[in-house]
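# Structure at a glance
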Amino acid sequence: MQEINIILVGYGNVGQAFVNLLNEKSPYCQKKYGLDIRLRALFDIKFSSRFNEEGSFVFPKAVTIDEILNENADAIERVRSLYWQKEKTFLNVLQTIEPGVLVECILSKNRSGKSGFKYIQQAIINKWNVVTADKEPLVHSFSELLALTKKNCVQLKLSGATAAALPTLDVALLSLAGTEIQYFEGILNGTSNYILSEMTKGMSYKSALKKAQSKGIAETNPSLDVDGWDTAYKILLLANTVFQENFTLEDIDIQGIADIDEKIINKAVKQGEKIKLLGKLWREDKIRMKVAPELIGVSHPLYGVDGTNKGITFSTDTMSDVTVTGGKSDPKGAAAALLKDIINIYRLDYS
Ligand SMILES: NC(=O)c1ccc[n+]([C@@H]2O[C@H](COP(=O)([O-])OP(=O)(O)OC[C@H]3O[C@@H](n4cnc5c(N)ncnc54)[C@H](OP(=O)(O)O)[C@@H]3O)[C@@H](O)[C@H]2O)c1
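Residues numbered from 1 in each chain as written. Predicted model: local features only at pLDDT ≥ 70, side-chain atom pairs only at ≥ 80, totals over all residues. Heavy atoms only, no water.

Around the ligand, a shell composed of 22 residues is seen, among which Val14, Asp44, Ile106, Lys109 and Tyr119 lie nearest. For the ligand, an oxygen atom lies 3.4 Å from a polar atom in the backbone of Pro331. Compared with its free state, where it exposes 900 Å², the ligand has 79% of that area covered by protein. One can see that the ligand is located within the largest pocket. Among the secondary structure elements, those contributing two or more residues to the shell around the ligand are helix H1 (13-33), helix H2 (45-51), helix H5 (114-125) and helix H13 (331-346). Along the lines of polarity and charge, the residues of the shell around the ligand split into ten nonpolar, six polar and six charged. (Near = heavy atom within 4 Å. Polar contact = N/O pair within 3.5 Å; in protein donor to acceptor, adjacent residues only side chain to side chain. Areas by Shrake-Rupley, 256 points an atom, 1.4 Å probe, with all protein chains shown as cover. 1 Å grid on protein atoms, 1.4 Å probe; cavity = no way out; pocket = protein on both sides within 12 Å on 5 of 7 lines; lining within 4 Å. Sits in = over half its atoms within 2 Å of the grid points. Helix = DSSP H or I, 4+ residues; strand = E, 2+ residues; numbered from the N terminus. Nonpolar A, V, L, I, M, F, W, Y, C, P; charged D, E, K, R; others polar.)

Written out as structure tokens, the structure is:
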């Protein structure tokens, strides 16, 4: 049995779903992959604020995960009395535990990617592999982080940041190995797809957004999703990984769905068509990328992708078009993508 130490940074929706999932899947991972994946430390800015002191939770190897999950205040206090180590910094934790995988799932308020970058950078330098759901540091500093992983002989995996439960990168890098990807397009944002799906049923943009917010699908400030940025982030990360390029957001034309005219949706419905927010990459004189709402007909491979589901089509030279759909957007799906990346760092064969 191979023991794998995990440090988790960010204990919000995704971080908590990850801890729950690890608890649920631990016996399966041991039996199926021979991997004993153990949460050894937990770091979140909210604990330092709540306890009014710097520190981290550090867990001995013997602790089982069901002893430490839970957001309930009593449980946190109990766990604090047992495992909170005052003044233990993230760097200190990295340097005192046998390296395994840093799981990075913070959502920093200023969205600059700087905090996430620092965690990932420090982990890599200290020989930790990294799996992340946080797009911001990758969007701003992917090539720098990739160079660091090569220098330190560790891996950085980003399924959680590239449509999470919908396999995108794994398909492009593994399943389509040996092909040349000439074009890809995807419905990569569950929130905007949900809103457009509700509008197709006759709802106004405002009501559909409100419904998405009430169900926890859209954030209070939905701009990142409805203005197309989240889709653009994913297209950018896919392009830079698959083609080993160094594109920036400025290379993508971005248009969201916030200004979409409801009459256009109604007209599409009457014609048996749908409006979808598509992120696209194609080749002309050079690689081009855009995010925009587009009209698609019933024969389009992504026509049936509704609600919070997502989908992507890769167009290749030797395997023609390959489409993957599904991968509902939610914290559990994101957590599952993080776990998948951890397993795939360590598994030695695919039987
Ligand atoms: N939710 C999803 O379904 C989903 C799916 C795919 C990917 N993602 C990505 O996964 C990440 C986490 O999403 P989430 O929904 O779990 O967000 P969340 O619920 O807001 O959780 C993020 C956690 O990170 C903490 N945090 C913020 N800045 C920090 C820092 N500098 N150091 C340590 N902790 C910090 C936050 O504390 P405070 O609350 O005190 O700020 C919060 O507890 C995001 O990058 C998101 O884009 C989310």
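Still more to cover.
Here Thr231 shows up in helix H11 (residues 229-242). Those residues in contact with Thr231 that lie beyond four places of it in its chain are Leu188, Asn189, Leu277, Gly279 and Val291. (Contact = heavy atoms within 4.5 Å.)

What follows concerns the pattern of salt bridges. This model, assessed by the stated rule, comprises 17 salt bridges. The partner of Lys135 in a salt bridge is Asp230, and the shortest N-O contact between them spans 3.4 Å. Of this pair, Lys135 sits in helix H6 (residues 135-152) while Asp230 sits in helix H11, and the two are 95 residues apart along the sequence. For the residue pair Lys135 and Asp230, the accessibility class agrees, reading buried in each case. (Salt bridge = Lys/Arg side-chain N within 4 Å of Asp/Glu carboxyl O. Buried < 20%, exposed > 50% of the residue type's maximum accessible area, 1.4 Å probe, protein only.)

Next up on the list: the layout of surface pockets. In this structure, the largest pocket spans a volume of roughly 1600 Å³. Taken together, 45 residues make up the lining of the largest pocket; nearest its centre are Asn13, Val14, Leu107, Arg111 and Glu219. Secondary-structure elements contributing two or more residues to the lining of the largest pocket are H1, H2, H5, H6, helix H8 (190-200), helix H10 (223-226), H11 and H13. Taken as a whole, the second largest pocket spans an internal volume of roughly 490 Å³. Forming the boundary of the second largest pocket are 21 residues, of which Leu146, Leu156, Leu158, Leu173 and Thr241 lie nearest the centre. Mapped onto the lining of the second largest pocket, the elements with two or more residues apiece are H6, strand E7 (156-157), helix H7 (169-175) and H11. (Points joined across faces, edges and corners; volume = space filled by probe spheres on them.)

A few words now on the nonpolar core. With 72 residues, the main nonpolar core has Ile7, Phe184 and Ile195 as its most contacted residues. Counting residues per element, this core draws most heavily on H11, which supplies eight residues. Counting residues in hydrophobic clusters, the runner-up holds 39 residues, among them Ile6, Tyr83, Val103 and Ala334. (Core = buried A, V, L, I, M, F, W, Y, C linked by side-chain atoms within 4.5 Å.)

Packing of H5 against H6 brings their axes to within 10 Å, and their N-to-C directions diverge by 5 degrees. If you check the angle between H5 and H6, you find them roughly parallel. Contacts between H5 and H6 involve Gly116, Phe117, Ile120, Gln121, Ile124 and Ile125 from the first element and Pro137, Ser141, Glu144, Leu145, Leu148, Thr149 and Asn152 from the second. (Axes fitted to C-alpha atoms, helices over the stretch in contact; angles between N-to-C directions. Parallel < 35°, antiparallel > 145°, perpendicular 65-115°, else oblique.)

We note that Lys127 has phi near 70 degrees; this positive angle belongs to a residue other than glycine. Looking at the element boundaries, Lys127 is found in the loop between H5 and strand E6 (129-132). Since its relative accessible area comes to 44%, Lys127 is described here as partly exposed. Residue Cys153 is not a glycine yet carries a positive backbone phi of 55 degrees. Structurally, Cys153 can be placed in the loop between H6 and E7. What makes Cys153 exposed here is its relative accessible area of 70%.

Note on sheets: strands pair through backbone hydrogen bonds, and any given pair is parallel or antiparallel. In spatial order, the strands read E9-E11-E10-E8-E12-E13; together these six strands make up an open sheet with mixed pairing. Of all strands in the sheet, those bounded by a partner on one side alone are strand E9 (252-254) and strand E13 (321-326). Neighbour to neighbour, the strand axes of the sheet diverge by 20 degrees on average, direction disregarded. As defined by bridge partners, strand E8 (residues 181-187) adjoins strand E12 (residues 310-316) across six bridges and the pair is classed as antiparallel. Across the sheet, residue Glu185 finds its bridge partner in E12, namely Thr313. Strands in contact with H8 are E8, strand E10 (274-283) and E12; relative to E10, the strand with the most contacts, it is inclined by about 140 degrees. (Pairing = 2+ DSSP bridges.)

In short, geometric facts, not functional conclusions.
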